[in-house]
Amino acid sequence: MSSRDLILARVRRALAGVPDVEITRAYRGPSQTPGEIRLFEERVRDYRAMVHVVDEAGVAERVALSLAGRGARRVVVPAGFPAPWLAAADVEAVADDPPLSAADLDAVDGVLTTCAVAIAETGTIVLDAGPGQGRRALTLVPDYHLCVVRAAQVVAGVPDAVALLAPARPLTWISGPSATSDIELNRVEGVHGPRTLEVLIVT
Amino acid sequence: MRVALFVTCVNDTLFPDTGRAVVRLLRRLGVEADFPRAQTCCGQMHANTGYRDEAVRLARRSVAALRGYDAVVVPSGSCAAMIREQYPKLAGSSGVTPFADAVAQVVPRTYELTEFLVDVLGVTDVGAYFPHRVTYHPTCHSLRGIHLGDRPLTLLRQVRGIELVPLPGAEECCGFGGTFALKNADVSAAMCADKVRAVLDTGAEVLCAADNSCLMHIGGMLGRQKSGVRVMHLAEILCSAETAGVR
Amino acid sequence: MSVTFLGMPATRPFPRNAARAVRDSQLRFNLRKATRTIRARRASVVAEAPDWAELREAGRAIKEHTLRNLDRYLIQLEEAVTAAGGRVHWAADGAEANRIVAGLVKATGETEVVKVKSMATQEIGLNEALLEHGITAYETDLAELIVQLGDDRPSHILVPAIHRNRAEIREIFAEHMSGWGRPAPEDLTDDPAALAEAARLHLRERFLKTKVAISGANFAIAETGTMVVLESEGNGRMCLTLPRTLISVVGIEKVLPTWRDLEVFLQLLPRSSTGERMNPYTSTWTGAAEGQEFHLVLLDNGRTGVLADEVGRQALRCIRCSACLNVCPVYERAGGHAYGSVYPGPIGAILTPQLRGMESELDRSLPYASSLCGACYEVCPVAIDIPSVLVDLRARARHPWPERAGMAAAGWVFERSGRLARLQRAGGRLRRLVPRRLPGPLGGWTDTRDLPEVPRESFRDWWDRTDGGRR
Ligand code: SF4
């Protein structure tokens, strides 16, 4: 008997005559209302990430300011990132084509992306490797991540995000910069992922 | 209303003052409680130490003694929790129908003392007078087993003369846990030491709870340390009045 | 049946391990500080969720439903993972899982792997097994790294090095990092930020060049074949995305039926475990993502035995958040090592004896490592009634004879109220003769506490004498 059959047989033996249980979902499910921008901003900031709220006309200038403030010269910009948003920045935009090696990524000053969904209640941004986001390693290896979020992408809570996201795509849910609580259970920001996360909310 | 007092074996044997206090308190509130003589022990020690057969025997005895009353009053959160939480499980697994019937009759009518006072009699001011500095420990089974909530404190706040001080870390276990105190004596003592420290920090002269077994545990250490803090069951505080003494 | 191995040899019984731990002032201080910090954080983010009780109930029910249909969901998971380009392997026990993983690593020609913290691989002792095949596994989670470098054992589910404070960690890094790769900076301080930075530098190179990674998963979605890993540091993302080959060892109870179920668990888990609204990083991937080679190893290792137990089955609902450890007064004082298993604390006390059986003295003592205070049940995000399972396990344990005799005697006395009354009267007469220190196991009480005074007259005798105080 293969281990597969053995395990399945054990499971069936264990469950013989065991009745099923009812699932009640009385918790707050996906809401019809959009996420509150103010709340999102506050919750992202709680993780000690930097947050700015700008209107569409001010994005390019804010991106330029943030990159300059960081002193970033070479920045990875995934395919599909809106070109006008980068227009004012004095940086070298590095494309992931042909794919950059891990060492290449380690050598750039940062990465600039959009996102798929953002969650107000938890201050989370979710990337799904769609346009302007690139593959997962791009937002992992560089030490600085600047993410532009459109207000319309902000949803209220976790159930809204789960409903909008496609499971077949690789997802990365990001809530603040990389952190650890492993030393005396105190939270310290900055371990292996980007130590600095900056979020621009476009209203 | 026919009311039975289930005094519990610990109170019966070691803390008769508590039983007397319950009887007098209820009498003052117009309730004549009966003491069904066949009662002994609810079986909690056996059940929680892993002696299920003995526990079932004692549970059957207890419900047989207590059945037929409109209310059963228990001055112990822990024994009340045993009856309400564990009896139905024991009855279910024993498969004995008369036992299950008796459990179904008794369990919904079983009240811990403060539940009986607040929910059944609807009183929060029992007319007590107790001019002392008191801190209250909500024992685990009172707090998380039968969810007494703030009933005990509501009653204590109405006591005249009392100076009630909050106990830091009140919701933490004192480390008694029945035979746990013997089987894991070191951890139990470590937990008790922290509880004792919290009690001493309040500057209270009396530590009060709705369960004498936990009080026996904490009081045992308070006594060993010659701390000068005494422990008292809630019923004894609620029973004390300006005219009569505590006893 | 062979005895299930749980990452640690079963040795002395819990009370003896704990007796040593309660005397360790450094350990007591470290644990007290850490558990209190995390308790407060958890309490505040749980209080913030207005529908916590409803989420908890849904979490309980989804897990219970999954367990009760586990065969169906495992097959569905296998199909979905395979369809998405992954390969699924089944391991009946730890040894088989270790063999499978070692074979997969060897097939890549690599001799080094990076690891994301995973309870399942700790449980089966994978690192040690790989070493026998000439493969070195590098732990990348900060706390795991501390444990690995210090040649220590994990003492907590979420924070395996919770028993270490910052000064001890600094020492371990300064002394042992060089033996495993890049040494710690010369001027390393015990500032947690500096320690985290040292770990970053130490592991950076390794992440960038290692070709094989091994992980666990917090959840595996049957409907879509999606794996879900929650983490904080980014070491998980490094392992999940950079290497060419990814091997995930996952207990069969980790499966969830639908994608939608994540809306419950991505709220329950972070708030319960690290006390955050959301953990810094959650990765999900389905099959061979972004051109990676992906293997899923489904692990039984005693789980189906637990599944067969009507009361104990609920332990398989556990999502390893560690809230029950953090709130447990016994864990706080005894520490994780006293439990002699990679699963310490309340969940360990019910899971270890079920997985490993109750043959050893240690495993028989675990169900008693609790005062039944109920704090674990209250915080458990999937409502595992740990106290009830403990009591159930106690009923199945073999008891020492003096205890059996004592319990039988007590049972005999309580059998008749007349016997109790006679004993009470005898006690009343002999009350002055009760010694201050009791002999044998009863001495555990009198070592630190006074005995209550035996009253002259029992309640029932008072009642009879005074007609309930009316005379
Ligand atoms: S038993 Fe419950 S509280 Fe404990 S680790 Fe598992 S899920 Fe968390």
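Cut-offs used in this document
Residues numbered from 1 in each chain as written. Chains lettered and ligands numbered in written order. Predicted model: local features only at pLDDT ≥ 70, side-chain atom pairs only at ≥ 80, totals over all residues. Heavy atoms only, no water. Contact = heavy atoms within 4.5 Å. Buried area = accessible area lost by both parts, 1.4 Å probe. Salt bridge = Lys/Arg side-chain N within 4 Å of Asp/Glu carboxyl O. Polar contact = N/O pair within 3.5 Å; in protein donor to acceptor, adjacent residues only side chain to side chain. Helix = DSSP H or I, 4+ residues; strand = E, 2+ residues; numbered from the N terminus. Pairing = 2+ DSSP bridges. Nonpolar A, V, L, I, M, F, W, Y, C, P; charged D, E, K, R; others polar. Axes fitted to C-alpha atoms, helices over the stretch in contact; angles between N-to-C directions. UniProt positions renumbered as here; feature names shortened; annotations may be inferred. Expected span 1.5 Å × (residues − 1). Buried < 20%, exposed > 50% of the residue type's maximum accessible area, 1.4 Å probe, protein only. Domains from an automatic or database assignment. Phe/Tyr/Trp six-rings, centres within 6.5 Å; stacked < 30°, edge-to-face > 60°. Lys NZ or Arg CZ within 6 Å of the ring centre and 35° of its normal. Core = buried A, V, L, I, M, F, W, Y, C linked by side-chain atoms within 4.5 Å. Near = heavy atom within 4 Å.

### Describing the interface of chain A and chain C
Then, in step 1: Taken together, the contact between chain A and chain C spans 70 residues of the former and 91 residues of the latter.
Then, in step 2: With both sides pooled, the region where chain A packs onto chain C buries about 7,100 Å², and carbon together with sulfur makes up 58% of that total.
Then, in step 3: It is Glu184(A), Leu185(A) and His192(A) in chain A that bury the most area against chain C; as a group they hold 12% of the surface buried on that side.
Then, in step 4: Taken together, the connections running from chain A to chain C amount to 15 salt bridges.
Then, in step 5: Salt-bridge contacts for Glu184(A) lead to Lys33(C); the nearest nitrogen and oxygen are separated by 3.0 Å.
Then, in step 6: Linking chain A with chain C are 40 residue pairs in polar contact (both at pLDDT 80 or more).
Then, in step 7: Where the side of chain A that touches chain C is concerned, the elements lending two or more residues are helix 1 (3–15), helix 2 (37–46), helix 4 (102–107), helix 5 (158–164), strand 9 (171–174), strand 10 (179–183) and strand 11 (186–189) of chain A.
Then, in step 8: Of all the elements, helix 1 of chain A adds the most residues to the side of chain A that touches chain C, at 10 residues.
Then, in step 9: Where strand 9 of chain A and strand 9 (residues 281–286) of chain C come together, 4 bridges link them in antiparallel fashion. By the bridge assignment, Ile174(A) is partnered in strand 9 of chain C with Tyr281(C).

### What to know about the side chain of Glu139(C)
Residue and element names in this part refer to chain C.
Then, in step 1: Tracing the chain through its elements places Glu139 in strand 3 (residues 136–139).
Then, in step 2: A distance of 2.9 Å separates the side chain of Glu139 from the side chain of Lys115, its partner in a polar contact.
Then, in step 3: Reaching out from Glu139, the side chain makes a polar contact with the side chain of Asn127 at a distance of 2.8 Å.
Then, in step 4: The contacts of Glu139, once residues within four sequence positions are left out, are Lys115, Asn127, Glu144, Leu145, Gln148 and Leu203.

### Re the interface of chain C and chain B
How big an interface is tends to be reported as the loss of accessible area on association of its parts.
Then, in step 1: Facing the 66 residues of chain C at the interface are 65 residues of chain B.
Then, in step 2: Regarding the contact of chain C and chain B, the summed buried area is about 5,500 Å², with carbon and sulfur atoms giving 56% of it.
Then, in step 3: Interface area lost by chain C to chain B is led by Met407(C), Phe414(C) and Phe459(C), which between them contribute 14%.
Then, in step 4: Across the chain C-chain B interface, the total number found is 13 salt bridges.
Then, in step 5: The residue Arg32(C) makes a salt bridge to Asp194(B) at a minimum N-O spacing of 3.6 Å.
Then, in step 6: Taken together, the connections running from chain C to chain B amount to 34 residue pairs in polar contact (both at pLDDT 80 or more).
Then, in step 7: Residues belonging to the side of chain C that touches chain B are distributed by class as follows: 28 nonpolar, 14 polar and 24 charged.

### Looking at the sheet that holds strand 5 (residues 133–136) of chain B
Residues and elements named next belong to chain B.
Then, in step 1: Strand order in the open sheet formed by 4 strands is 6-5-7-8, with parallel pairing between adjacent strands. Edge strands, defined here as strands with exactly one partner in the open sheet, are strand 6 (163–165) and strand 8 (230–233). Across the sheet, the mean angle separating the axes of adjacent strands is 35 degrees when strand polarity is ignored.
Then, in step 2: In this sheet, strand 7 (residues 206–209) lies alongside strand 5 in parallel orientation, the contact comprising 3 bridges. Bridging across to strand 7, Val134 finds its partner in Val206.
Then, in step 3: Contacts between helix 12 (residues 212–224) and the sheet are confined to strand 7 and strand 8, with strand 8 contributing the most and set at about 170 degrees to the helix.

### Side note on the UniProt feature "domain: LUD" (unreviewed entry) in chain C
Then, in step 1: This chain's UniProt record puts "domain: LUD" (unreviewed entry) on residues 76–290 of chain C.
Then, in step 2: Secondary structure within residues 76–290 of chain C divides into 44% helix and 19% strand; the distance between the first and last C-alpha atoms comes to 23 Å.

### Remarks on the sheet that holds strand 4 (residues 110–113) of chain A
What links the strands of a sheet is backbone hydrogen bonding, and the strands pair in either a parallel or an antiparallel sense.
Residues and elements named next belong to chain A.
Then, in step 1: Judged by pairing direction, the sheet is parallel, and its 6 strands sit side by side in the order 1-12-7-4-2-3 without closing on themselves. Here the strands that pair on one side only, and so sit at the sheet edges, are strand 1 (50–54) and strand 3 (92–94). The sheet shows a mean angle of 25 degrees between the axes of neighbouring strands, taken without regard to direction.
Then, in step 2: Alignment of strand 4 against strand 7 (residues 144–150), held across 3 bridges, turns out to be parallel. Counterpart to Leu112 in the pairing with strand 7 is Leu146.
Then, in step 3: Of the strands in this sheet, strand 1, strand 7 and strand 12 (196–202) are in contact with helix 2, which crosses strand 12 at around 170 degrees.
Then, in step 4: Its contacts with the sheet put helix 3 (residues 59–70) on strand 1, strand 2 (74–76), strand 4, strand 7 and strand 12, and the angle it makes with strand 7 is roughly 165 degrees.

### Side note on helix 4 (residues 70–83) of chain C
Residues and elements named next belong to chain C.
Then, in step 1: Over its 14 residues, helix 4 runs 20 Å from end to end, which matches the ideal 20 Å to within 8%, given 1.5 Å per residue.
Then, in step 2: For helix 4, the complete set of buried residues consists of Leu70, Asp71, Tyr73, Leu74, Leu77, Glu78, Ala80 and Val81.
Then, in step 3: Phi for Gly85, located one or two positions after helix 4, is positive at around 90 degrees.

### Some points on the domain arrangement of chain C
Then, in step 1: Domains assigned within chain C are domain 1 (14–303) and domain 2 (401–466).
Then, in step 2: Distance from the C-alpha centre of domain 1 of chain C to the C-alpha centre of domain 2 of chain C: 51 Å.

### Focus: the packing of aromatic side chains
Then, in step 1: Throughout the structure, instances matching the rule amount to 13 aromatic pairs over all chains.
Then, in step 2: Site record: aromatic cluster; members linked through ring pairs are Phe35(B), Phe459(C), Trp462(C) and Trp463(C).
Then, in step 3: Cation over ring: Arg72(C) sits above Tyr73(C), and NZ or CZ is 4.7 Å from the ring centre.
Then, in step 4: One residue, Arg206(C), lies across the ring of Tyr138(C), its end atom 3.6 Å from the ring centre.

### Digging into the nonpolar core
Then, in step 1: Counting residues in hydrophobic clusters, the biggest one holds 157 residues, and the most contacted among them are Trp173(A) and Phe173(C).
Then, in step 2: Contact partners of Phe173(C), with chain neighbours within four places excluded, come to Leu142(C), Leu145(C), Ile146(C), Leu149(C), Ala184(C), Leu188(C), Leu195(C), Ala198(C) and Ala199(C).

### Observations concerning the environment of Thr154(B)
Residues and elements named next belong to chain B.
Then, in step 1: When you line up the elements, Thr154 lands in helix 9 (residues 151–157).
Then, in step 2: Expressed as a C-alpha distance, the spacing of Thr154 and Asp70, which sit 84 residues apart in the sequence, is 25 Å.
Then, in step 3: At 2.6 Å, the side chain of Thr154 and the backbone oxygen of Asp150 are in polar contact.

### Some words on the site of the ligand
Then, in step 1: Around the ligand, the structure places Cys318(C), Ile319(C), Arg320(C), Cys321(C), Ser322(C), Cys324(C), Ile347(C), Cys380(C), Pro381(C), Val382(C), Ile384(C) and Ile386(C).
Then, in step 2: When the residues that make up the shell around the ligand are grouped by side-chain class, the tally is 10 nonpolar, 1 polar and 1 charged.

### Some remarks on the UniProt feature "domain: Cysteine-rich" (unreviewed entry) in chain B
Then, in step 1: Under the local residue numbering, the UniProt record ascribes the feature "domain: Cysteine-rich" (unreviewed entry) to residues 3–84 and 134–218 of chain B.
Then, in step 2: With 49% helix and 12% strand, residues 134–218 of chain B has end C-alpha atoms that lie 15 Å from one another.

### As for the pattern of salt bridges
Then, in step 1: Enumeration according to the criterion identifies 73 salt bridges over all chains in this entry.
Then, in step 2: Here Glu253(C) makes a salt bridge to Arg303(C), at a shortest N to O gap of 2.7 Å. Of the two residues, Glu253(C) is situated in the loop between strand 7 (245–251) and strand 8 (255–256) and Arg303(C) in helix 13 (residues 303–307); the sequence distance between them amounts to 50 residues.
Then, in step 3: A relative accessible area of 4% places Arg303(C) in the buried class.
Then, in step 4: With its nearest N and O atoms 2.8 Å apart, the salt bridge here joins Arg356(C) to Asp363(C). For the residue pair Arg356(C) and Asp363(C), the accessibility class agrees, reading buried in each case.
Then, in step 5: A cluster of three or more residues bridged by salt bridges with shared partners is formed by Arg28(A), Arg43(A), Asp46(A), Glu121(A), Glu48(C), Asp51(C), Arg271(C) and Arg277(C).

### Points about unusual backbone geometry
Residue and element names in this part refer to chain A.
Then, in step 1: For the bond from Asp97 to Pro98, the omega torsion is 0 degrees, close enough to zero to count as cis.
Then, in step 2: Note that Pro98 resides in the loop between strand 3 and helix 4.
Then, in step 3: Positive phi outside glycine occurs at Ala129, with the angle close to 65 degrees.
Then, in step 4: Relative to the helices and strands, Ala129 is located in the loop between strand 6 (124–127) and strand 7.

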